[in-house]
Amino acid sequence: MFTALTIAGSDSSGGAGIQADIKTMSALGVYAMSVITAVTAQNTTGVYGIQYTDDSMIENQLQCVLSDIPPDAVKIGMLSSPASVEIIAGYLSHYNIRNIVIDPVMVSTSGDSLTKSDTVRALEKYLLPAAAVITPNIPEAEILSGHKILTQDSFIDAARELSEKYNTAVLIKGGHAVFNDTLTTLLNEGKDNKLIEYSTDILVCPDSHPLYLEAKRTDNPNTHGTGCTLSSAIASYLARGLSLEDSVRLAKNYVTGAINAKLNLGKGRGPLNHLYNLK
């Protein structure tokens, strides 16, 4: 059976983090394992508390999992400390783990900061260069690149810059961004404004042309945990032996379907329906 490991924080409301990862991996036919890096008190309205896992416990979890059931792929989300980053990088290297998907969780959907700056620096030094692909959203890509992404050109440039910087594939999630420069150009040229109807992600691999991945927008505000779900879906498809490009395409289709299922839970921005494809 295909196996995958998620290294991430727990979401008490079940829509993101470890819970979303395990649901996604299971729905996509992969045996899911976990290393919990933090426990959060959160729900659909925001993050109300974070308790990071002790570094020794993170190491203990890693040792137990990797020495017994080596995963075919790994998804990494919220990280707790610079030391834990080094521990994780060391164990993944020691056990020669491949297909590492890193979702650099720094800002929650509700805008809460989730990762300290020294942990981000350790992530850049020890883990990002080891990844098969990293999947930042626009705010996270801005932190990693050090500049704002305000136009379509800067969106593309940031993906290329990060791909070259870490020598890995980079998938920047466009979400609901509508860049004014491209919008103005389309309107001036009298073209239909697809930017209103579609959202676009961009995948850049070293020494290759950018790949644009479009998805039709859904009138559904319930998108809590989309980043966690996408990265764990990519890891699941990589674990099953698919190419990176195919894994990204299929993962995006899966997330789009989970959003389109329009699960409606909670008082804020609710979760996706991770099990929609099992009906």
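For the structure given in this document, a descriptive report is provided here. (Residues numbered from 1 in each chain as written. Predicted model: local features only at pLDDT ≥ 70, side-chain atom pairs only at ≥ 80, totals over all residues. Heavy atoms only, no water.)

Given a rise of 1.5 Å per residue, 13 residues ought to cover 18 Å, and the 18 Å separating the end C-alpha atoms of helix 3 (residues 82-94) matches this to within 8%. Those residues of helix 3 not exposed but buried are S84, V85, I87, I88, A89, Y91 and L92. Buried positions along helix 3 lie against strand 1 (3-11), helix 2 (55-68), strand 4 (73-76), strand 5 (100-102) and helix 4 (117-127). Just beyond helix 3, the residue with positive phi is N96, at close to 55 degrees. (Helix = DSSP H or I, 4+ residues; strand = E, 2+ residues; numbered from the N terminus. Expected span 1.5 Å × (residues − 1). Buried < 20%, exposed > 50% of the residue type's maximum accessible area, 1.4 Å probe, protein only. Contact = heavy atoms within 4.5 Å.)

Reading across from one edge, 3-2-1-4-5-6-7-8-9 is the order of the nine strands in this open sheet, with mixed pairing throughout. The open sheet terminates on both sides in strands that have one partner only, identified here as strand 3 (46-52) and strand 9 (211-216). The pairing of strand 2 (residues 31-43) with strand 3 spans six bridges and is antiparallel. Directly across from Q42, in strand 3, lies its bridge partner V47. Packed on one face of the sheet, helix 10 (residues 244-260) meets strand 6 (133-134), strand 7 (169-172), strand 8 (198-204) and strand 9 and runs near 15 degrees to strand 9. (Pairing = 2+ DSSP bridges. Axes fitted to C-alpha atoms, helices over the stretch in contact; angles between N-to-C directions.)

The biggest cluster of nonpolar side chains holds 42 residues, and the ones touching the most others in it are I76 and L127. Dropping the residues within four chain positions of it, I76 is found in contact with I7, I88, L92, I100, V101, I102, D103 and L127. Ranked by size, the runner-up nonpolar core spans 29 residues in total, among them A169, L230, V248 and A258. (Core = buried A, V, L, I, M, F, W, Y, C linked by side-chain atoms within 4.5 Å.)

The next subject is the environment of Y212. Positionally, Y212 belongs in strand 9. Counting along the chain gives 37 residues from Y212 to R249, while the straight-line C-alpha distance between them is 9.9 Å. Those residues within four positions of Y212 in sequence are excluded, and the remaining contacts are Q152, I156, T200, D201 and I202.

Within the secondary structure layout, G241 lies in the loop between helix 9 (226-239) and helix 10. In this structure, the C-alpha to C-alpha distance between G241 and N99, residues 142 residues apart in sequence, is 9.6 Å.

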